[in-house]
Amino acid sequence: MSVIISWIIALLLLIGAFLSLVATFGVIRLPDIYTRNHAASKGATLGIMSILIGTFLYFYQEHGHFNSNLILAIVFIFVTAPVAGHLIARAAYNSGVGLSENSVRDDLKGKEEYEKQNSSI
């Protein structure tokens, strides 16, 4: 059983490192703030959570230490990182930061006119 958990810990740490690396390349290579923000918030969040879960399992298996701080960090990152990414993207859009030329569509374009037309109903 100890060998299986060790392999799971190693797999979680490797997956976390890989996702963080992919998120880094996404931030460097993607064309606009919206896609960069998506790469940073989703990839890094999953990467950090995998690393923290692997760390928690390591300390619990090897030392018998239940670290509640790691559990709180996992929950905190799981809740706050996607919300922060969404708010950053929304603030960029509302301040007028343009989309990349390669973007296919803008779902929020015309939202203000639509809200003005339907507010009188």
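All of these numbers come straight from a predicted model, not from anything done at the bench. (Residues numbered from 1 in each chain as written. Predicted model: local features only at pLDDT ≥ 70, side-chain atom pairs only at ≥ 80, totals over all residues. Heavy atoms only, no water.)

### A look at the packing of aromatic side chains
Tallied over the entire structure, the rule returns 5 aromatic pairs. With 6.1 Å between their ring centres and 10° between their planes, Phe 56 and Tyr 60 make a pair best called stacked. Taken together, the residues Phe 56 and Tyr 60, both in helix H2 (residues 33-62) and 4 residues apart, mark about one turn of the helix. Among the residues examined, Phe 56 registers a relative accessible area of 12% and is labelled buried. Using a relative accessible area of 47% as the deciding quantity, one classes Tyr 60 as partly exposed. Judged by centre distance (6.3 Å) and plane angle (80°), the ring pair of Tyr 60 and Phe 66 falls under edge-to-face. The structure contains a cluster of three or more aromatic residues connected by ring pairs, namely Phe 56, Tyr 60 and Phe 66. (Phe/Tyr/Trp six-rings, centres within 6.5 Å; stacked < 30°, edge-to-face > 60°. Helix = DSSP H or I, 4+ residues; strand = E, 2+ residues; numbered from the N terminus. Buried < 20%, exposed > 50% of the residue type's maximum accessible area, 1.4 Å probe, protein only.)

### Considering the layout of surface pockets
Taken as a whole, the largest pocket spans an internal volume of roughly 310 Å³. Lining of the largest pocket is provided by 15 residues; of these, Tyr 34, Ala 89, Arg 90, Tyr 93 and Leu 108 occupy positions nearest its centre. When its residues are assigned to classes, the lining of the largest pocket shows 5 nonpolar, 5 polar and 5 charged. As a volume, the second largest pocket reaches approximately 160 Å³. (1 Å grid on protein atoms, 1.4 Å probe; cavity = no way out; pocket = protein on both sides within 12 Å on 5 of 7 lines; lining within 4 Å. Points joined across faces, edges and corners; volume = space filled by probe spheres on them. Nonpolar A, V, L, I, M, F, W, Y, C, P; charged D, E, K, R; others polar.)

### Describing the nonpolar core
Core analysis: the biggest nonpolar cluster contains 6 residues, these being Met 49, Leu 52, Phe 56, Leu 70, Ile 74 and Ile 77. The set of elements that each furnish at least two residues to this core consists of H2 and helix H3 (68-94). (Core = buried A, V, L, I, M, F, W, Y, C linked by side-chain atoms within 4.5 Å.)

### Some thoughts on the confidence of the model for the protein chain
Scored by pLDDT, the protein chain comes out at a mean of 89, with 98% of its residues at no less than 70. No element of the protein chain has a lower mean pLDDT than helix H4 (residues 111-119), at 73, and none a higher one than helix H1 (residues 2-29), at 95. (pLDDT = per-residue confidence, 0-100.)

### Quick notes on the UniProt feature "transmembrane region" (unreviewed entry) in the protein chain
Those residues carrying the UniProt feature "transmembrane region" (unreviewed entry) are residues 6-28, 40-60 and 66-89 in this numbering. For residues 6-28, the helix share is 100%, the strand share is 0%, and the end-to-end C-alpha distance is 33 Å. The distance separating the terminal C-alpha atoms of residues 66-89 is 37 Å; by composition the span is 92% helix and 0% strand. (UniProt positions renumbered as here; feature names shortened; annotations may be inferred.)

### Quick look at a nonpolar patch on the surface
Together, Tyr 60, Phe 66, Ile 71, Val 75, Phe 78 and Val 79 make up a nonpolar patch on the protein surface, roughly 600 Å² of accessible area in all. It is H3 that provides the largest number of residues to the nonpolar patch, a total of 4 residues. (Patch = residues over 30% accessible without salt bridge, like charges linked within 9 Å, V, L, I, M, F, W, Y side chains within 5 Å. Areas by Shrake-Rupley, 256 points an atom, 1.4 Å probe, with all protein chains shown as cover. Salt bridge = Lys/Arg side-chain N within 4 Å of Asp/Glu carboxyl O.)

### Some remarks on the side chain of Ser 50
Take Ser 50: it is sitting in helix H2. Apart from residues lying up to four places away in sequence, Ser 50 is in contact with Leu 12, Ile 15 and Gly 16. (Contact = heavy atoms within 4.5 Å.)

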